[in-house]
Each structure stands twice: as C-alpha cells, then as structure tokens.
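The primary structure of each chain is shown beneath.
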Number of protein chains: 2
Amino acid sequence: MNIQKLIDKGLKLKSYSKDSVIYEPGMQPRYVYFIKLGEVRMVTVSDEGKEFIQGVFKTGQYFGEPALLIDRPYLAFTIANKDSQVIAVNKEDFFELIKNEPDFSMELIRTLSTRLFYKSMMLEELASEKADHRLLTIINYLLGDIAVGENLKVTRQELADMTGLRVETVIRSTKILAEKGLIKTMKGKIVKV
Amino acid sequence: MNIQKLIDKGLKLKSYSKDSVIYEPGMQPRYVYFIKLGEVRMVTVSDEGKEFIQGVFKTGQYFGEPALLIDRPYLAFTIANKDSQVIAVNKEDFFELIKNEPDFSMELIRTLSTRLFYKSMMLEELASEKADHRLLTIINYLLGDIAVGENLKVTRQELADMTGLRVETVIRSTKILAEKGLIKTMKGKIVKV
DNA sequence: TCTCAAACATGACTTAGATCATAAATTAGT
DNA sequence: ACTAATTTATGATCTAAGTCATGTTTGAGA
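Attention in this report is confined to the structure presented alongside it. Values in this document were obtained by computation on a predicted structure and should not be read as measured data.

Per the secondary structure count, chain A includes seven helices and 10 strands. For 193 residues, the compact-globule estimate of 2.2 N^0.38 gives 16 Å, and chain A sits close to it at 18 Å. With the C-alpha coordinates of chain A rotated into their principal frame, the extents come out at 55 × 40 × 30 Å. Expressed as a percentage of its 193 residues, the buried residues of chain A come to 35%. The long-range share in chain A, meaning contacts at least 24 apart out of those at least 6 apart in sequence, stands at 70%.

Residue and element names in this part refer to chain A. Pairing is antiparallel in the open sheet, where four strands are placed in the order β2-β7-β4-β5. The two strands at the open ends of the sheet, each matched to only one other strand, are β2 (21–23) and β5 (51–58). This sheet shows a mean twist of 30° between the axes of neighbouring strands, independent of strand direction. As judged from the four bridges shared by strand β4 (residues 39–45) and strand β7 (residues 77–80), these two strands associate in the antiparallel manner. Of the residues in β7, the one forming a bridge with V43 is F77.

Here we come to the pairing of β4(A). Residue and element names in this part refer to chain A. Side chains V40, M42 and T44 project from β4 onto a buried face, and the interleaved E39, R41, V43 and V45 project onto a face without burial. Across seven bridges, β4 lies against β5 in antiparallel orientation. Looking across to β5, one finds that V43 is bridged to I53. Hairpin connection from β4 to β5: five residues lie between these consecutive antiparallel strands, with G49 at a positive phi of about 90°.

Reading the values: rules and limits
The residue numbers shown here count from 1 along each chain, following its written sequence. Lettering of chains starts at A and numbering of ligands starts at 1, both following the order in which they are written. Local features in this predicted model are restricted to residues whose pLDDT is 70 or higher, and side-chain atom pairs enter the listing and the counts only when it is 80 or higher, whereas totals over whole chains, interfaces and linings include all residues. Each helix is a run of H or I in the DSSP string that is no shorter than four residues. Each strand is a run of E no shorter than two, and both are numbered from the N terminus. The globule rule used here is 2.2 Å times the number of residues to the 0.38 power, and the radius of gyration it is set against is calculated over C-alpha atoms. Burial is judged by counting the other C-beta atoms within 10 Å of a residue's own C-beta: 20 or more makes it buried, 12 or fewer makes it exposed, and any count in between marks it as partly exposed, with every C-beta position built from the backbone. In this description, a residue-residue contact is defined by the distance between C-beta atoms placed from the backbone, which must lie within 7 Å. Two strands are counted as paired when DSSP detects at least two bridges linking them. Axis lines are fitted through C-alpha atoms, for helices just across the contact stretch, and the angle between N-to-C directions can take any value from 0 to 180 degrees.

Interpretation note: all reported values are geometric properties and have no functional meaning in isolation.
Below you can see the structure in the form of structure tokens.
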C-alpha cells in the first residue's frame, strides 16, 4: 500500500515519540496503523511482568489489522521503538481499501500468511526445542534480513524477549553456539558470515 | 466458501483414510485443501520426535494456504484425524477464487486473522506462562466451542501436544486446576459448566 | 578522553517440569 | 459381558533453565 495515497485521502498523520504507547491490551480496535516513518514493537506482557516480542514493524509496514478485522480487543502493547509517524486508518476506510483495491487485498493476504508462517515456526520452537535450538532459529531468521559482514543490532535482552528465555540463558547459549561455530560473534555482536 | 461450488467447477475430490498423511514438511505446496467431510490435524514434529498440534481443521474449513501463498515449503504434517474427503484446489484456481470472489477474499482475510490471533495468544503462553496457566488457557479456549454440560473430547496427550507440555504434567496440572475449582472434571473428562 | 549507563559475563543455588517406571481406570471391539 | 488397548494416575528421580548476586566490558555523550 502506498502511504502517500493515504495522506492524499486526507487521513490523519499521528506522531509518537520513542517509547510512547500506541495502543494497549484490552482496548477495542478502531484503526489500522500504517507506518510512514519509524519503528514499532508489539509486545505482550505476562502477569509476572515478563515481556514477549510478538513482532517488530518498520517504515512502510502496517499493524493492528487482525484485532480490527475480527473485532476483538487487542492482546498486545504496541510501542514506538523510535520516534515514529503513523497513519491511523479507521475501520470503514480500511474495509473500503480491501474492497476497492484488489492489489491491496492480495498484499494483505500475503502479509498475514507470512506472519502466520513465522508464528507457526516460533510456536514449534517454543513448544518443543530447547534454549540453543530456539536461539539459533531466531538468530538465523534475523540474519536473513541483513548483508554478509553486517552484525545484528539486537541485544541479548531482545533475543530473550523473542524466545521466551532469560538474558542470562541467552548470553550463555550464544556463547555455546559461537564455540560450536554455529554463529560468529565480534565484541558480543552477532555477525553474518 | 461453498464446497458445492467447487465440486460443480469440476475440481477433484480426494479421499484420505484415518491417519493417512495429506502432506508433509518440506513438500512444495501445490494445492489449498477444502474439507468436504472429516477432520484433519496439522502437526510439527521436532528432531527428538515431539509432536506439536498447530491446528485442527473440520468440515467446511480449508488449510494449506499460507505456504502456497508465500510459496514456501510446508512446515507441518497434515494428517486425517478421521476418514476425510477433501477438494484440492490448485494454485491458479485458488488465485482466481481470491480475485473473482470478493466475499471469499474477505472471508480468507478474516480466517487468517483469527488464526494469527490464536497463534499470538499461544506464543505468549508458551513464552511466558507456566504449566497451569498454559493449560487453563487452551482448556478455556476449547470450551468456547462446546455447550454447557458437554465434555471436551480431547485426551491429555492432545492437550500436551497443544501446549508443549508432557502428558504427566498435563495430568497433574488438570488435577490441580480441578482442585482449585478452575475447571470441572468427570471421569477424567473436562466438562463445561 | 572521561564518565556513566547499558549491555554482557559468570558463578552458585533453586525449581518447574521432564523422564522413567509401574499401576489403575476407561473405552472399544468382539 | 469380557478382554485388549487406550488413557489416566502417581511416585521417585533428574536436569535445563531460572534466579540472584556480583563483576566486567562497551559505547554514547559531555
């Protein structure tokens, strides 16, 4: 979906400063959010305060549709990772978009499928595999996005919040993976080889 | 989607006997499967042989689209839970369906959203919560589908395979939940109150 | 280049849930 | 109604990962 098109339609652009909350669990969904600029993380928080990163959304991507489409309160927080500008598209406009822009509708179906695929993979990992395997799987997944020689701009804490492990475990496990030669690290950072 | 319509179009009806495999991990997707009659489970299996139930699909539902839509090999097995009849719709026909049947396209978007919602919920559970909480969450989820007084036709093993726990743990935990009055059991079966 | 906060590291101890073994209760098929 | 096969049950260990405590390294901003 072309963001400019949405702006042309007169839809409102909202700004969120780093770490501000866009929506939180329990709220009734009213908008789908298209990111014009910035980055947003979607996290669920357990009763004991443990965070789990459900996803990260970047410039050009959108989030919040599933809850809106099936009309159920949000499960997660979405929080700006950086100062961000988003366009909030209300329900009616979003349904219009699906109806009248067949390309968008197809694109949405693909996006949802991709996310579903990722979640299925992670579910399998969390349900069945132990720390090392779990870690290696997301590391490889994240490495897919970057170029050889680059390093992952992700902290151990973030890896922990994506795998359901604790920082200490992630630290110990990455060390083991590096020793086994399954990943390469430089000054703590994980680099693509 | 109306199954009869698909049959009228001359699409082939395939039969699978209980426990036969419809597709397995690694295969390149060629069809989307509409269930005319029966029931199918989608399971991933870890290296150590542990099964995880990704989903269960019943008469009138369809499965296998995400992999086909994003053109990635299947992650899971799908296996007939009962003798089943399914219509295999090939890629071209499926894309036709999305393009030419706006109702179907909307329905598909909603279906994908619902599954995404369920997976997000389960991910949060597996990543952060302990056995009892995890179990109670799927039990309540499953109870949503049945009437008061009815009991869940799910074995402890199946609950284990949905939560990533082991049978013994599920057995011990259900007992605890029943003692706490959070669920009700009769002759081992969990009943809706 | 110095300082402070964030991120990484490591050891010691605890624990939830896995594993293994064995038995009782249900259910299904004849 | 009777056997065989599932499914549920329970006790005794074992272990991966969590927890807690206390460093050390790295990097961002003055």
